[in-house]
Amino acid sequence: MYPEFKDFVVVISGAASGIGLGTARLFIEEGATVISPDIDEEGLKKAAAELGERYIGKVCDVSNAEKVRALADFVRGEFGKLDVLVNNAATGRLTPVEAMTEEDFYYHYEVDVKGTMLMVTNFLPLLKASSNPSIVNISSGAAVVEFFDHHFLYSSAKAAVLKYTKHLARDLKGIRANCIMPGWVDTPIYERAGFERSVVEQVYAKVELQIPAGRIGVPEDIGNVILFLSSEKAAYVNGAIIAVDGGCITGGYWGFP
Ligand SMILES: NC(=O)c1ccc[n+]([C@@H]2O[C@H](COP(=O)([O-])OP(=O)(O)OC[C@H]3O[C@@H](n4cnc5c(N)ncnc54)[C@H](O)[C@@H]3O)[C@@H](O)[C@H]2O)c1
């Protein structure tokens with residue numbers, strides 16, 4: 001579908017799991033090479049076993065400046081350019097206002113905001129070496145709607161990602177930057193935030209009745225839009241904030257039941 005992806009070098013943070021992994025699969029099917037910095041070493045190994053040699057997993061915490069610099073050095077040495085940067089890795093959990101600590105603040109802002117910024121800063125010189133460079137940042141519907149109780153730190157960090165994207169689109173000449181706000185997508189994210197899988201499934205069963213599209217999303221729903229935004233067909237799309245949520249924001253359901 002996208003012949004230009006055959007020679008593309010793509011970095012997707014957090015592509016050992018969920019949306020990042022689903023997107024890596026789609027890019028690799030189109031012939032691209034995907035480098036995935038992630039902290040989940042086991043997940044990276046599993047993904048590499050499934051996706052083959054065009055999936056390069058790298059253990060790397062995107063909030064660690066030194067590690068991100070080393071990752072950029074690796075990509076420079078191996079490929080000399082970067083075509084697409086997808087900032088997808090994030091951390092999130094619920095934190096009641098009364099109990100919020102400094103540690104909770106950094107838990108979210110270090111990865112979701114600082115990590116996104118470090119990745120952009122370090123990969124900019126490599127993006128400039130591409131003929132069609134673009135950045136896709138993954139925010140959340142929570143950036144614009146109060147999705148859950150106790151969700152300020154995650155949702156405000158995601159709002160910063162959204163705002164950062166607009167500034168990137170304005171400041172960077174010749175590199176497009178766009179942002180996706182996913183709605184409910186079935187990934188391990190909610191279990192990572194501390195919920196049992198059985199609880200998550202009960203929530204999904206209630207929520208999907210109220211999503212206008214009639215179902216919870218899958219990683220490829222987001223991945224397909226990331227591929228479009230990275231392609232030549234999106235050459236004039238810059239600074240866009242796109243909800244990919246089955247209609248949640250406009251017509252649907254927001255709260256945790
Ligand atoms: N799943 C949803 O319903 C949903 C909704 C809105 C937004 N999002 C956003 O989509 C993106 C992907 O989430 P997902 O649902 O696929 O979650 P996921 O938990 O399946 O994947 C997140 C990945 O990020 C990695 N990661 C975490 N911290 C990292 C760090 N410091 N450095 C490198 N990697 C790190 C994790 O190891 C994991 O592999 C996130 O930005 C998330 O906030 C997801």
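Fair warning: this is a prediction, and the values are worked out from it, not measured in the lab.

### So, the site of the ligand
Logical step 1: Around the ligand sit 31 residues, and of these Ser-17, Asp-38, Tyr-154, Thr-187 and Arg-192 come closest.
Logical step 2: Separating an oxygen atom of the ligand from a side-chain N or O atom of Asp-38 is a distance of 2.6 Å.
Logical step 3: Here a nitrogen atom of the ligand sits 3.0 Å away from a polar atom, N or O, in the main chain of Val-62.
Logical step 4: The protein chains hide 98% of the 830 Å² of surface that the ligand would expose on its own.
Logical step 5: For the ligand, the cavity whose grid points lie within 2 Å of the majority of its atoms is the largest pocket.
Logical step 6: When contributions to the shell around the ligand are tallied by element, the ones reaching two or more residues are α1 (18–29), β2 (33–38), α5 (152–171) and α6 (189–192).
Logical step 7: The greatest single-element share of the shell around the ligand, amounting to 3 residues, is contributed by α6.
Logical step 8: Broken down by class, the residue content of the shell around the ligand amounts to 17 nonpolar, 9 polar and 5 charged.

### Regarding α1
Logical step 1: Here α1 spans 17 Å end to end across 12 residues, near enough to the 16 Å set by a 1.5 Å rise per residue.
Logical step 2: Taken across its 12 residues, α1 has 10 buried, putting it largely inside the fold.
Logical step 3: Every buried residue belonging to α1 is among Gly-18, Ile-19, Gly-20, Leu-21, Gly-22, Thr-23, Ala-24, Leu-26, Phe-27 and Ile-28, and all of these are buried.
Logical step 4: Two residues or fewer after α1 comes Gly-31, characterised by a positive phi angle close to 100°.

### Concerning the packing of aromatic side chains
Logical step 1: Under the defined criterion, the tally for this structure stands at 9 aromatic pairs.
Logical step 2: Between Trp-184 and Tyr-204, the aromatic rings sit 6.4 Å apart at their centres with planes inclined by 85°, giving edge-to-face as the arrangement. Of the two residues, Trp-184 sits in the loop between β6 (176–182) and α6 while Tyr-204 sits in helix α7 (residues 197–207), which places them 20 residues apart along the sequence. As far as the burial class goes, Trp-184 and Tyr-204 line up, both buried.

### As for unusual backbone geometry
Logical step 1: One non-glycine residue, His-150, lies in the positive phi region at around 60°.
Logical step 2: Relative to the helices and strands, His-150 is located in the loop between β5 (134–138) and α5.

### What to know about the sheet that holds strand β4 (residues 84–87)
Logical step 1: Ordered in space as β3-β2-β1-β4-β5-β6-β7, the 7 strands form an open sheet in which the pairing is parallel. One side of each edge strand has no neighbouring strand; the edge strands of this open sheet are β3 (55–59) and β7 (241–244). Sheet twist, expressed as the mean angle between neighbouring strand axes with direction ignored, is 20°.
Logical step 2: As paired elements, strand β1 (residues 9–12) and β4 share 3 bridges and run parallel to each other. Bridge pairing in β4 places Val-11 opposite Leu-85.
Logical step 3: Those strands touched by helix α8 (residues 219–230) are β4, β5, β6 and β7, and its axis lies near 165° from that of β6.

Reading the values: rules and limits
Residues numbered from 1 in each chain as written. Predicted model: local features only at pLDDT ≥ 70, side-chain atom pairs only at ≥ 80, totals over all residues. Heavy atoms only, no water. Near = heavy atom within 4 Å. Polar contact = N/O pair within 3.5 Å; in protein donor to acceptor, adjacent residues only side chain to side chain. Areas by Shrake-Rupley, 256 points an atom, 1.4 Å probe, with all protein chains shown as cover. 1 Å grid on protein atoms, 1.4 Å probe; cavity = no way out; pocket = protein on both sides within 12 Å on 5 of 7 lines; lining within 4 Å. Sits in = over half its atoms within 2 Å of the grid points. Helix = DSSP H or I, 4+ residues; strand = E, 2+ residues; numbered from the N terminus. Nonpolar A, V, L, I, M, F, W, Y, C, P; charged D, E, K, R; others polar. Expected span 1.5 Å × (residues − 1). Buried < 20%, exposed > 50% of the residue type's maximum accessible area, 1.4 Å probe, protein only. Phe/Tyr/Trp six-rings, centres within 6.5 Å; stacked < 30°, edge-to-face > 60°. Pairing = 2+ DSSP bridges. Axes fitted to C-alpha atoms, helices over the stretch in contact; angles between N-to-C directions. Contact = heavy atoms within 4.5 Å.

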